[in-house]
Amino acid sequence: MSVPKTVLITGASAGIGSETAVAAAESGYDVAIGYHSDRAGAEKTAEKVRALGQKAVLVQGDVSDPGDVIRMFDEVDSAFDELGVLVNNAGIVDQPARVENISHARLRRMFDINTIGPFLCAKQAAIRMAYRYGGAGGVIVNVSSIAARLGSANNYVDYAASKGAVDVLTKGLGDEMAADNVRVVGVRPGIIDTDIHEKGGQPDRIKAMSNQLPMKRAGTPREVADTILYLISDKASYITATSLDVSGAR
Ligand code: NAP
């Protein structure tokens, strides 16, 4: 069943989130562009959305901060009549490290942003979307990672585990919301060509890995964005509580 064509995308100042904002605008969605520190990147995404004739609003906040998340959704309430879609996309990686060398502070940051952030945002979205609370229905997309299936040994098992928990959120919340006209779906991207690798201290990761990847190349942000657009569309109306690999056979 159709849901309002409005979307909040966390982490839309760069990479997959920014590309998803553009793809959503091309499909007629108004877009709330979530960002944390990269205001210029968020403005750039907004310009592209507006050039496509759709409304764009910037929503700043740290997804791991409960107060910020409530304020971000209040701002979305002011911008849109109703929120139809949440894309839980904001996320981080860290430097390669074996588990025995991962600090408590790093674990807290990884799980706060990658796992608790999506929980906090999904909660606010569900309250607004669910039939049981008077909502019009909606779709929540969780951007996980193929790392959740692979484990990321010798690289970042903490990241993989933070995304494994996101997959469980997709399944469990999807089951809880099935009768409320709220679909909850996930995507598990493989190696995608964005700046996240450089931010995590591996600027040459794509170049170094491309030849070892099954398709001999990284994926593009657009390939993930197009999958997300399919999953939020009516064409995917019977798909919920499950996740799709966008990983080129990884
Ligand atoms: P990216 O280009 O580094 O973008 C990350 C986005 O997340 C930025 O917009 C950033 O906002 C935002 N963000 C980071 N920390 C935040 C926080 N505490 N609160 C709010 N926003 C925050 O990364 P990407 O590659 O597009 O990744 C997007 C998602 O895909 C992530 O969840 C990532 O784990 C997942 N993924 C990526 C790959 C890949 O190979 N690229 C593979 C699998 C999964 P600011 O810059 O404004 O702070």
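A brief structural summary. (Residues numbered from 1 in each chain as written. Predicted model: local features only at pLDDT ≥ 70, side-chain atom pairs only at ≥ 80, totals over all residues. Heavy atoms only, no water.)

A look at the packing of aromatic side chains
Within this structure, the stated rule accounts for 1 aromatic pair. Plain terms: the ring middles of Tyr156 and Tyr159 are 5.0 Å apart, the flat faces sit at 65° to each other, and that makes the pair edge-to-face. Of the two residues, Tyr156 and Tyr159, neither departs from the other in class, the shared state being buried. When the ring centre of Tyr29 is taken as origin, the NZ or CZ atom of Lys5, which lies over that ring, is 5.0 Å away. (Phe/Tyr/Trp six-rings, centres within 6.5 Å; stacked < 30°, edge-to-face > 60°. Buried < 20%, exposed > 50% of the residue type's maximum accessible area, 1.4 Å probe, protein only. Lys NZ or Arg CZ within 6 Å of the ring centre and 35° of its normal.)

Some points on the pairing of strand S1 (residues 6-9)
Of the two faces of S1, both are covered, the one formed by Thr6 and Leu8 as well as the one formed by Val7 and Ile9. Here S1 runs beside strand S2 (residues 30-35); their pairing, made up of 4 bridges, is parallel. Paired with Ile9 across the two strands is Ile33, which belongs to S2. As a crossover connection, the stretch from S1 through helix H1 (residues 15-26) into S2 is right-handed. Direction of pairing for S1 relative to strand S4 (residues 85-88): parallel, over a ladder of 3 bridges. Across the sheet, Ile9 pairs through a bridge with Val87, a residue of S4. (Helix = DSSP H or I, 4+ residues; strand = E, 2+ residues; numbered from the N terminus. Pairing = 2+ DSSP bridges. Right-handed = clockwise from strand over helix to strand, strands pointing away.)

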